[in-house]
Amino acid sequence: MRFSKMHGAGNDFVVLDLRDGRGPPSPALCRALADRHTGVGCDQILTIERAEAPGVVARYGIFNADGSAAQQCGNGARCVAAWLKRDGDQRGEPLSDRFAVESPAGRHAVEFLADGSVRLDMGRPDFEPAHIPLAGFSSADDCLLAPHPGVRFSAVSMGNPHAVVRVDDIDRAPLDTVGPALQRDAAFPDSANVGFVQVIDRGHLRLRVYERGVGETLACGSGACAAAAVAMRHGWVDRSVDVKLPGGILHIDWPDDAASIAMAGPAAFVFEGEWIA
Ligand SMILES: N[C@@H](CCC[C@H](N)C(=O)O)C(=O)O
C-alpha cells in the first residue's frame, strides 16, 4: 500500500489514495500507521476518494491516530489540495490554482497563493450548542463547568467540535489536565478538540491544541479557525490574524459573523513510502 507522508505546520499525515474504490482503513490499521515507534507516525490518516459532487476534484476522509473518524481537518485539507495539485485529478489531468475538495463536513474552495501557501474556505463557524454538540448550555460563549473551576471556555463547531480556553501564558497552559478533562465531560457528548489561546495583540494569537483522538499536536487548522472565531467574536482581535502554533503560523480571515472563515498556511511533502505490514 503506497502512501505519502505530509505535514501542514507540523500537523502530520499519512495520505492514502483510495480513488480506485478501496475501502477506508480499519481503526486498527490507522493506529498501526500512526504509531510513532512501529508505524509511519502521524496525527491523522487522510484518504483521497472519488468525488461524487459536481465541480469537486476529490473527497477525503479523516481518521485520527486512535482510529476514530473526524469530520474536519484544516491542515489536512491543504495537504490533500497540494497532493491533488501534484498528482492531478482522477484522470491525471493537471489542476489549476483554484478548485474544490469535499470533506465529511462539506465542500471547500482551495486556492494556491503566489507565496506557495494554500488558502482554504473553512465554512461558517457555528456557535449553536446543538450543532457543536455542547450539552446543557443555551449559549456556547463563556461557559463554566462545576468540575473544572476557573476554566472558562467558548465552544464552536468548525464541522468538528472545539472548546477554546483563553490563557494569559500559553507556555503554562494546562493542556494535559484540562484538555482530557473537557474532552471527557458530558457537556461534549462527541468529545472536543481543546484549544488554549493567548492574545498577543489585535493581529496575533498564540495557540496550543489538545486534539480529540490525538493529544497535543504541533498545529490544528480547524482549531486555529475556532480560536480566531472566538477571539474575533469577543472583540479581542481584529478580523484578520496570524495564529502562531508550535509547528508554524496560520493566517485566518473572518470578515464578519455571517461570512465563511478563510485559513491560509503551508502544505509540505515529507516522503513517499510503501506500507508492507
Ligand atoms: N488537525 C486537524 C483536526 C483533526 C481532527 C480532530 N482531531 C477531530 O477529531 O475533530 C485540523 O487541522 O483541523
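Residues numbered from 1 in each chain as written. Predicted model: local features only at pLDDT ≥ 70, side-chain atom pairs only at ≥ 80, totals over all residues.

J.: How should the overall build of the chain be read in this particular structure?
T.: Tallying secondary structure elements over the chain gives 4 helices and 17 strands in all. Counting only residues that meet the buried cut, the chain has 45% of its 277 residues in that class. Taking contacts inside the chain between residues at least 6 apart in sequence as the whole, the part at least 24 apart equals 64%. (Helix = DSSP H or I, 4+ residues; strand = E, 2+ residues; numbered from the N terminus. Buried ≥ 20, exposed ≤ 12 C-beta atoms within 10 Å, placed from the backbone. Contact = placed C-beta atoms within 7 Å.)

J.: I keep staring at unusual backbone geometry and nothing clicks. Help me out?
T.: With the exception of glycine, the majority of residues adopt a negative phi angle, and the majority of peptide bonds are in the trans configuration. The linkage connecting Ile 132 with the following residue, Pro 133, adopts the cis geometry, with an omega of -10°. Within the secondary structure, Pro 133 is located in the loop between β8 (118-121) and β9 (153-157). Notably, Ala 9 is not glycine yet its phi reads approximately 55°, a positive angle. With respect to the secondary-structure elements, Ala 9 resides in the loop between β1 (2-8) and β2 (11-17). Residue Ala 9 is classed as buried on the basis of its 26 C-beta neighbours within 10 Å. The phi torsion at Ser 191 lies on the positive side, around 65°, for a residue other than glycine. Looking at the secondary structure, you find Ser 191 in the loop between α3 (175-184) and β11 (193-201).

J.: Sorry if this is basic, but what is going on with the domain arrangement of the chain here?
T.: For interface size, the figure often reported is the accessible area lost on association. The domain boundaries assigned to the chain delineate domain 1 (2-122 + 266-274) and domain 2 (129-259). Distance between the C-alpha centres of domain 1 and domain 2: 23 Å. Listed by partner, the interface residues are 20 residues for domain 1 and 20 residues for domain 2. Residues belonging to the side of domain 1 that touches domain 2 are distributed by class as follows: 7 nonpolar, 11 polar and 2 charged. (Domains from an automatic or database assignment. Nonpolar A, V, L, I, M, F, W, Y, C, P; charged D, E, K, R; others polar.)

J.: Sorry, what's going on with the site of the ligand here?
T.: Around the ligand, the surrounding shell holds 22 residues, and the nearest of these are Ala 70, Asn 75, Asn 160, Gly 221 and Ser 222. At the level of secondary structure, the elements contributing two or more residues to the shell around the ligand comprise β4 (58-64), α2 (74-87) and α4 (221-233). (Near = placed C-beta within 6 Å.)

J.: How do you make sense of the UniProt feature "site: Important for dimerization" (unreviewed entry) in the chain when you look at a structure like this?
T.: In this numbering, the UniProt entry assigns the feature "site: Important for dimerization" (unreviewed entry) to Phe 271. For Phe 271, the position within the fold is in strand β17 (residues 268-274). According to the C-beta neighbour criterion, Phe 271 is exposed, with 9 such atoms within 10 Å. (UniProt positions renumbered as here; feature names shortened; annotations may be inferred.)

J.: Honestly, the pairing of β4 in this entry has me stumped. Any pointers?
T.: Burial analysis of β4 places 7 of its 7 residues in the buried class, which makes it a mostly covered element. Neither face of β4 is left uncovered, since the one carrying Ala 58, Tyr 60, Ile 62 and Asn 64 and the one carrying Arg 59, Gly 61 and Phe 63 both have all their residues buried. Two elements, strand β3 (residues 44-49) and β4, share 6 bridges in a ladder whose sense is antiparallel. Within the sheet, the bridge partner assigned to Ile 48 lies in β4 and is Tyr 60. Pairing of β4 with strand β6 (residues 98-103), which is carried by 2 bridges, proceeds in the parallel orientation. In the sheet register, Ala 58 faces β6, and the bridge partner there is Val 101. (Pairing = 2+ DSSP bridges.)

J.: What's the story with the confidence of the model for the chain in this structure? I'm lost.
T.: Interpreting fine coordinate detail is not advised for predicted regions of low pLDDT. Taken residue by residue, the chain gives an average pLDDT of 97. The fraction at 70 or more is 100%. Two summary scores accompany this predicted model of the complex, namely pTM at 0.97 and ipTM at 0.99. (pLDDT = per-residue confidence, 0-100.)

J.: It is not clear to me how the environment of Ser 157 should be interpreted in this structure. Could you clarify?
T.: On the secondary structure map, Ser 157 appears in strand β9. Residues Ser 157 and Ala 267, spaced 110 residues apart in sequence, show a C-alpha to C-alpha distance of 23 Å. Residue contacts for Ser 157: discarding those within four places in its chain leaves Asp 126, His 131 and Ile 132.

J.: Where do I start with the environment of Ala 140 in this structure?
T.: As for its placement among the helices and strands, Ala 140 is situated in the loop between β8 and β9. In this structure, the C-alpha to C-alpha distance between Ala 140 and Leu 207, residues 67 residues apart in sequence, is 20 Å. If sequence neighbours within four positions are ignored, Ala 140 has contacts with Phe 127, Pro 129, Ile 132, Leu 134, Ser 154, Ala 155 and Val 156.

J.: Help me understand α3 in this model?
T.: The periodicity of an α-helix, 3.6 residues per turn, causes residues three or four places apart in sequence to face the same way. Considered for burial, the residues of α3 that qualify are Val 178, Gly 179 and Leu 182. For α3, the arc enclosing every buried residue in end-on projection is 105°, short of the 170-degree limit, so these residues lie on one face. Counted as exposed and oriented over 90 degrees from the buried face of α3: Asp 176, Thr 177 and Arg 184. Contacts made by the buried residues of α3 are with β9, β10 (161-166), β11 and β12 (204-211). (Arc of directions from axis to C-beta.)

J.: In this structure, what is going on with the environment of Leu 250? I would like to understand it.
T.: Counting through the fold element by element, Leu 250 comes out in strand β15 (residues 248-253). Accessibility expressed as a C-beta count within 10 Å gives 32 for Leu 250, which makes it buried. Counting along the chain gives 179 residues from Leu 250 to Gln 71, while the straight-line C-alpha distance between them is 20 Å.

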